[in-house]
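Results of the structural survey
One letter stands for each residue in the lines below.
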Amino acid sequence: FYGKTKTEVRKKVQKFEAQKQIVSESAIQKMSFYAYADNWLKHWRKKNIKSRTFDYYEMIIDNYIKDTIVGRMQIKYMNKDHFATSKAIEDLLYSYKDKLSKSTIDGIYTVLKQVCKFAYKKGDINYNWMDDVDKISSEEVKVSKKKDNVQDAHEAIRPTSVLRTPDKVKQYLSPDEYKLYKMI
């Protein structure tokens, strides 16, 4: 970038960066919910949250939203049928009640709620689908510790980063180590 002053160059760079982040209305409608959530996190939310929160949200989006019916739905189809969209989100949350802890399910709910709230305020969706979805109660979640005061394996052995997914480190692990890492 060229300018007569540093301020002029800075303004040109800022304008260029802002234009890069603008996604056209038609492109948004063709996006999957996963792509929209990923874009929301990396371009809008990242600058306002701590890096650990960013990593946690990214893990939630990549592991629990990406390869689901909700994650693959296009925004334009989600806008057409509010009831079906809210039902799909509710079904997604309930599909995890026997597999994940209450806090992880609450994390998924929080990310979904924040993405939908942002999209609604921005005008990218015409209804906030999360208004029709309630949090799952503690009584409905079936995952719990078997004994009190026993340290679970997932607490004793932890990945050093949530970004090191099992598939990314598989080549460095033995088959048994990989199974354990994937389970954790």
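Our structure's up above, just so we're on the same page.
None of the values given here were measured: they were computed from a predicted structure. Residue numbers run consecutively from 1 along every chain, following the written order of its sequence. For a predicted model such as this one, the threshold for reporting local features is a pLDDT of at least 70, and the threshold for listing and counting side-chain atom pairs is 80 or more; totals across whole chains, interfaces and linings nevertheless cover every residue. Heavy atoms throughout the structure, all of them, feed into the side-chain values; hydrogens and water do not.

**Here we look at the overall build of the chain**
Applied cut-off: Only DSSP runs of H or I covering at least 4 residues are called helices, and only runs of E covering at least 2 are called strands; the numbering of each starts at the N terminus. For every residue, the accessible area (1.4 Å probe, protein chains only) is compared with the maximum for its type, and the residue is labelled buried under 20%, exposed over 50%, or partly exposed between those bounds. Contacts: residue pairs with any heavy atoms within 4.5 Å of one another. What sets the accessible areas is the Shrake-Rupley method with a 1.4 Å probe; for residues, cover comes only from the shown protein chains.
Assigned secondary structure in the chain consists of 11 helices and zero strands. When its helices and strands are written in sequence order, the chain yields α-α-α-α-α-α-α-α-α-α-α. By residue count, 33% of the 184 residues in the chain fall in the buried class. Excluding contacts between residues fewer than 6 apart, the proportion of contacts in the chain whose partners are at least 24 apart in sequence is 63%. Of the roughly 12,600 Å² of accessible surface on the chain, 52% is carried by carbon and sulfur atoms.

**Details of the pattern of salt bridges**
So the rule is basically this: Whenever a carboxyl oxygen of Asp or Glu lies within 4 Å of a side-chain nitrogen of Lys or Arg, that contact is scored as a salt bridge.
If you walk through the whole model with that rule in mind, you get seven salt bridges. Put simply, Glu 8 and Lys 12 hold a salt bridge, and the shortest N to O gap is 3.7 Å. Highlighted residues: Glu 8 and Lys 12, both in helix α1 (residues 6-21), separated by four residues, approximately one helical turn. Overall, the relative accessible area of 31% leaves Glu 8 in the partly exposed class. In the salt-bridge network here, residues are joined through shared partners; they are Asp 38, Lys 42 and Glu 58.

**Some thoughts on a positive patch on the surface**
Counted only if it meets this: A patch consists of residues whose relative accessible area exceeds 30% and which take part in no salt bridge; residues with like charges are grouped when within 9 Å of each other, and nonpolar side chains (Val, Leu, Ile, Met, Phe, Trp, Tyr) when within 5 Å. Residues counted as positive are Lys and Arg, residues counted as negative are Asp and Glu, and His and the chain ends are not counted. For this purpose, a charge sits on NZ of Lys, CZ of Arg, CG of Asp or CD of Glu.
Together, Lys 113, Lys 117, Lys 121 and Lys 135 make up a positively charged patch on the protein surface. As for its position among the elements, Lys 135 is in the loop between α8 (102-122) and α9 (153-156). Lys 135 gets classed as partly exposed once you look at its relative accessible area, which sits at 44%.

**Here we look at the environment of Ile 28**
Within the secondary structure, Ile 28 sits in helix α2 (residues 25-30). Residues Ile 28 and Ile 75, spaced 47 residues apart in sequence, show a C-alpha to C-alpha distance of 7.0 Å.

**Topic: the packing of helix α3 (residues 33-45) against α8**
Relative placement of two packed helices is described by the angle separating their axes and the distance separating the axes. Inclusion rule: To get an axis, a line is fitted to the C-alpha atoms, and for a helix only the part in contact is used. The angle between two axes follows their N-to-C directions and goes from 0 to 180 degrees. Any angle that is under 35 degrees is reported as roughly parallel, and any over 145 degrees as roughly antiparallel; angles of 65 to 115 degrees are reported as roughly perpendicular and all others as oblique. Ten residue types, Ala, Val, Leu, Ile, Met, Phe, Trp, Tyr, Cys and Pro, are classed as nonpolar, four, Asp, Glu, Lys and Arg, as charged, and the remainder, Gly among them, as polar.
It is at 10 Å that the axes of α3 and α8 come closest, and there the two elements cross at 80°. Between α3 and α8, the crossing angle belongs to the class labelled roughly perpendicular. Touching Phe 33, Tyr 36, Ala 37, Trp 40, Trp 44 and Arg 45 of α3 are Val 111, Leu 112, Gln 114, Val 115, Cys 116, Phe 118, Ala 119 and Lys 122, all from α8. Classifying every residue of the contact of α3 with α8 by side-chain character gives 11 nonpolar, one polar and two charged.

**Side note on the environment of Met 59**
Mapped onto the fold, Met 59 is located in helix α4 (residues 51-65). For Met 59, a relative accessible area of 16% gives the class buried. For the pair Met 59 and Thr 165, spaced 106 residues apart in sequence, the C-alpha separation works out to 9.1 Å. Beyond its immediate sequence surroundings of up to four residues, Met 59 is in contact with Tyr 64 and Val 162.

**Digging into α4**
Let me state the cut-off plainly: Expected span, for any helix, means 1.5 Å times one less than how many residues it has.
Over its 15 residues, α4 extends 20 Å from the first C-alpha to the last, a length consistent with the 21 Å expected when each residue adds 1.5 Å. Every buried residue belonging to α4 is among Phe 54, Tyr 57, Glu 58, Met 59, Ile 60, Ile 61, Tyr 64 and Ile 65, and all of these are buried. Next to the buried residues of α4 lie α3, α5 (69-72), α7 (82-95) and α8.

**Section: the packing of α3 against α4**
Where α3 meets α4, the axes come as close as 11 Å, and the angle between the chain directions of the two elements is 175°. In terms of orientation, α3 lies roughly antiparallel with respect to α4. Here Phe 33, Tyr 34, Ala 37, Asp 38, Trp 40, Leu 41 and Lys 42 of α3 come into contact with α4, specifically with Phe 54, Tyr 57, Glu 58, Ile 61, Asp 62 and Ile 65. Grouping the amino acids of the contact of α3 with α4 by side-chain chemistry returns nine nonpolar, no polar and four charged.

**Overview of the packing of aromatic side chains**
Heads up, the rule is: In this analysis, rings of Phe, Tyr and Trp, with Trp reduced to its six-membered ring, are considered paired at centre separations within 6.5 Å, and the interplanar angle assigns stacked below 30 degrees, edge-to-face beyond 60, and tilted for intermediate values.
Tallied over the entire structure, the rule returns five aromatic pairs. With centroids separated by 5.5 Å and ring planes inclined at 80°, the aromatic side chains of Tyr 64 and Tyr 96 adopt a geometry described as edge-to-face. With a gap of 32 residues between them, Tyr 64 in helix α4 and Tyr 96 in the loop between α7 and α8 connect regions that are remote in the sequence. For the pair formed by Tyr 64 and Tyr 96, the shared burial category is buried. In this structure an aromatic cluster arises from ring pairing among Trp 40, Tyr 56 and Tyr 57.

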